[in-house]
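# A closer look at the structure
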Amino acid sequence: MEMPEFIEARRPRWQQLESLLDKAEGRGLRALELEEARTLGKLYRAVSSDLLWVRARSGSADVSEYLNDLVGRAYALTYPGQRPRFADVWGFVARGFPALLRQEWRMYVASALLFLAGLGFGYLGMLVDPDAAPYLVPEEHLALDPVQRAANEASEQGMSAEEQAAFTSFLFTHNIEVAFLAFALGITVGVGTALMLFFNGLMLGALAQVYTAKGMAGWFWAWILPHGIPEITAICIAGAAGFVIARGQVAPRGLPRGLALRQEAVRAVKLLFGTLVLFVLAGFIEGTISQIHPPKLSVAFKVSFALTVGVGVYAYLCSDWMRGARKPDAGADGGGVR
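To start, this report covers the structure provided alongside it. Just so it is clear, the structure is predicted and the values come from calculations on it, not from any experiment. (Residues numbered from 1 in each chain as written. Predicted model: local features only at pLDDT ≥ 70, side-chain atom pairs only at ≥ 80, totals over all residues. Heavy atoms only, no water.)

## Brief notes about the pattern of salt bridges
Here the idea is simple: oppositely charged side chains can pair when their charged atoms come close. The tally for this structure, following the rule as stated, stands at 10 salt bridges. Residue Arg10 pairs with Asp50 through a salt bridge whose shortest N-O separation is 3.3 Å. You can see Arg10 sitting in helix α1 (residues 3-27) and its partner Asp50 sitting in helix α2 (residues 34-56), a full 40 residues away along the chain. On the basis of relative accessible area, Asp50 is assigned to the buried category, the value being 3%. Of the charged contacts, one joins Arg38 and Glu35 as a salt bridge, the two residues approaching to 3.9 Å between their closest N and O atoms. Residue Arg38 and its partner Glu35 are located together in helix α2, separated by 3 residues, close to a single helical turn. Where salt bridges share partners, they join Glu104, Arg247, Glu264 and Arg267 into one cluster. (Salt bridge = Lys/Arg side-chain N within 4 Å of Asp/Glu carboxyl O. Helix = DSSP H or I, 4+ residues; strand = E, 2+ residues; numbered from the N terminus. Buried < 20%, exposed > 50% of the residue type's maximum accessible area, 1.4 Å probe, protein only.)

In structure tokens:
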């Protein structure tokens, strides 16, 4: 079909779409009758195809511009942008995030096991070979003697309030960077994510053994656990998000690999977004309870506080599991099928 014939044949539907757009834009979509709304949707798709046909044949710039305007107006009506509402964000944090984690629990378990494997390896590595400290212990802790540090904290010769704030800010930023990196490295088919989780666990395990060797195990875990439980949980969830991206690459489930990757990336980003509430909680605790050491706060109190926080964090994350466990009974007549 030649261009003039094409334009003449398609002109009626272009004009019909333009008329419907004028009506909808002037009085709102609700001004359209049901059949008119259906027709607008069909014409939008048809005119989109016409625009591609004209562009593929380097047709008239005026015709191309006219059709592009029609398609743009129809798209704006069909897919109106929406500002995120607080209710939507709260709904995701309160319900959507735990529900999504429930669906991806295997990825989370794999993430947590890799972190724990690194922790165990780092602890045993330092136990067997203390001279490996320069390779296993985080650099900022190499020059700190655990006993001397505890003594300084007890005699109020530890870090000043400004130094504590700076240290807390550094850790908070560092741990968010670790989480984002664990997520982003999912694009390496999950290999980078796995290594990131393992090596972060390794450094924590090595540091734990350094304090344990000096008889400071209780002091160490009282320092780490209050903020560490939500923080490590968040890092492992970010690792799970990285593995979700990797799944889109290695197991597209019959979909084109690019489409599968895009779909999994959406789920992964939602998982990563959900970790922010855990990082905020961890940052608040790290700047307060975690930095108050014995004798101001006893080891028993801080460990008890950490366990209470842990119960609260996992009660929140498992809330969707609990709702899911109740639904089959409530819907025994078939109405509660998920």
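## Some details on unusual backbone geometry
A cis geometry characterises the amide bond from Pro294 onward to Pro295, with omega recorded as 10 degrees. Here the phi dihedral of Val189 falls at roughly 60 degrees; this positive angle occurs in a residue that is not glycine. Within the secondary structure, Val189 sits in the loop between α8 (161-184) and α9 (191-213).

## Some points on the packing of helix α5 (residues 105-128) against helix α10 (residues 217-250)
α10 packs onto α5 with a crossing angle of 120 degrees between their chain directions and a minimal axis gap of 8 Å. Taken together, the axis directions place α5 and α10 in an arrangement best described as oblique. As for the relative orientation of α5 and α10, their crossing is right-handed in sense. Along the contact surface, α5 presents Met107, Tyr108, Ala110, Ser111, Ala112, Leu114 and Phe115, while α10 presents Ile232, Thr233, Cys236, Ile237, Gly239, Ala240, Phe243, Val244 and Arg247. Here the contact of α5 with α10 is composed, by residue class, of 12 nonpolar, 3 polar and 1 charged. (Axes fitted to C-alpha atoms, helices over the stretch in contact; angles between N-to-C directions. Parallel < 35°, antiparallel > 145°, perpendicular 65-115°, else oblique. Left-handed = near helix turned anticlockwise from the far one by under 90°. Contact = heavy atoms within 4.5 Å. Nonpolar A, V, L, I, M, F, W, Y, C, P; charged D, E, K, R; others polar.)

## So, the nonpolar core
By size, the foremost hydrophobic cluster in this structure holds 55 residues, and its most contacted members are Tyr211, Phe220, Ile237 and Leu271. When residues of this core are traced back to their parent elements, those giving at least two are α4 (86-103), α5, α6 (133-136), α8, α9, α10, α11 (257-286) and α12 (299-317). At 14 residues, α10 tops the list of elements feeding residues into this core. Residues within four places of Ile237 in sequence aside, it is in contact with Phe97, Leu101, Tyr108, Leu271, Thr275, Leu278 and Leu317. (Core = buried A, V, L, I, M, F, W, Y, C linked by side-chain atoms within 4.5 Å.)

## Description of the packing of aromatic side chains
Throughout the structure, instances matching the rule amount to 14 aromatic pairs. Summarising the aromatic geometry, the rings of Phe97 and Tyr316 are spaced 6.4 Å apart at their centres and angled 45 degrees between planes, so their arrangement reads as tilted. Here Tyr316 lies in helix α12 and Phe97 lies in helix α4, a separation of 219 residues in the sequence. You can call Tyr316 partly exposed: its relative accessible area is 21%. Aromatic pair Phe220 and Trp223: ring centres 6.0 Å apart, planes at 80 degrees, arrangement edge-to-face. Of this pair, Phe220 and Trp223 both sit in helix α10, 3 residues apart, roughly one helical turn. Neither Phe220 nor Trp223 differs from the other in exposure class; each is buried. Aromatic rings pair up to connect Tyr211, Trp219, Phe220, Trp221 and Trp223 into one cluster. (Phe/Tyr/Trp six-rings, centres within 6.5 Å; stacked < 30°, edge-to-face > 60°.)

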